[in-house]
Amino acid sequence: MTRFLSGLAAVTIALTLTTGAMAQTGDETARRALADQIAVISSSEDDYGRALAVTMPGVRQMFEASVPGATEAQLDDVVLVMTDILMSTYGDVLDAMAETYAERFTLTELEALLEFYQTDLGQKVLRETPAIMEIMGARGEELGQAAVTREMAQIQAVFE
């Protein structure tokens, strides 16, 4: 009888753990499905291309500094090659975005977020976010440069 109860307890524990794991897997699957939808609705290949275009002058400068004697044509070409290479990663970026959403938000939060993005206000947020990010990037750069200029004595003191 003790052996039977021990066996029954083991089976009950195993079923409980399995059911919990299946529920968690189902929840993870549902979260990922919603996160995939959110990644697609909140991003576009055009936005990704515009973001890359903003970073390409810095890439060009990096190559210009690291490849002395590079011609203007070569620097232009390397920017085109780098843009093509990075544009080819758009699907991977969407996948990483979805994975991150699925990891950081609950199923309920993802449902609410998707619902929000489907409203007029949510659509406006999605339309305006790239411009806001571009403006904030420029403002952040200005603020950073001003702070460095203002505090240059403190920075120089590190090297004395």
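Asker: Explain the packing of helix α4 (residues 90–104) against helix α5 (residues 107–117) to me, please; I cannot follow it from the model alone.
Answerer: Two packed helices can be described by the angle between their axes and the distance between those axes. It is the contact of α4 with α5, at a shortest axis distance of 9 Å, that shows an interaxial angle of 125 degrees. When the interaxial angle is binned, α4 and α5 end up oblique. In this structure, α4 contributes Y101, A102 and R104 to the contact, and α5 contributes E109, L110, L113 and Y117. Its residues assigned to classes, the contact of α4 with α5 comprises 5 nonpolar, no polar and 2 charged.

Asker: I would appreciate a short explanation of the confidence of the model for the protein chain in the present structure.
Answerer: Low pLDDT means the predicted coordinates in that region are not meant to be read closely. Averaged over all residues, the pLDDT of the protein chain equals 83, while 84% of them reach at least 70. The least confident element of the protein chain is helix α1 (residues 2–41), whose mean pLDDT is 60; the most confident is α5, at 96. Confidence over residues 1–24 falls short of pLDDT 50; this stretch has 0 contacts with residues more than four positions distant or in other chains.

Asker: What is the right way to look at the packing of aromatic side chains in this model?
Answerer: Any two aromatic rings considered together are summarised by their centre-to-centre distance and by the angle between their planes. Taken as a whole, this structure holds 3 aromatic pairs when the rule is applied. On the basis of an interplanar angle of 25 degrees and a centroid distance of 5.6 Å, the ring pair of Y101 and F105 is categorised as stacked. Relative accessible area serves as the criterion here: at 18%, Y101 is assigned to the buried category. Relative to Y117, the ring of F116 has its centre 5.8 Å away and its plane inclined at 45 degrees; by these criteria the two rings are tilted. Since its relative accessible area comes to 30%, F116 is described here as partly exposed. For Y117, a relative accessible area of 10% corresponds to the buried category.

Calculation rules
Chains are numbered independently. Their residues run from 1 in the order of the written sequence. Confidence filtering applies because this is a predicted model: local features only for residues at pLDDT of at least 70, side-chain atom pairs given and counted only at 80 or more, and all residues used for totals across whole chains, interfaces and linings. As a convention, hydrogens and water are excluded, and side-chain values are obtained from all of the structure's heavy atoms. Only C-alpha atoms enter the line fits that serve as axes; for helices the fit covers just the stretch in contact. Angles between N-to-C directions range over 0 to 180 degrees. Helix and strand assignments come from DSSP, with helices taken as H or I runs of at least 4 residues and strands as E runs of at least 2, each series counted from the N terminus. Any angle between 65 and 115 degrees counts as roughly perpendicular, while under 35 counts as roughly parallel, over 145 as roughly antiparallel, and the rest as oblique. Contact between two residues is taken to exist if any of their heavy atoms lie within 4.5 Å; hydrogens are not considered. Under the convention adopted here, Pro, Cys and the residues Ala, Val, Leu, Ile, Met, Phe, Trp and Tyr are nonpolar, Asp, Glu, Lys and Arg are charged, and Gly plus all remaining residues are polar. pLDDT is a per-residue confidence score from the predictor, ranging from 0 to 100. Centre distance within 6.5 Å is the pairing criterion for rings of Phe, Tyr and Trp, where only the six-membered ring of Trp is used; planes under 30 degrees apart are then read as stacked, over 60 as edge-to-face, and the remainder as tilted. Burial classes: relative accessible area under 20% of the type maximum marks a residue as buried, over 50% as exposed, and values in between as partly exposed (1.4 Å probe, protein chains only).

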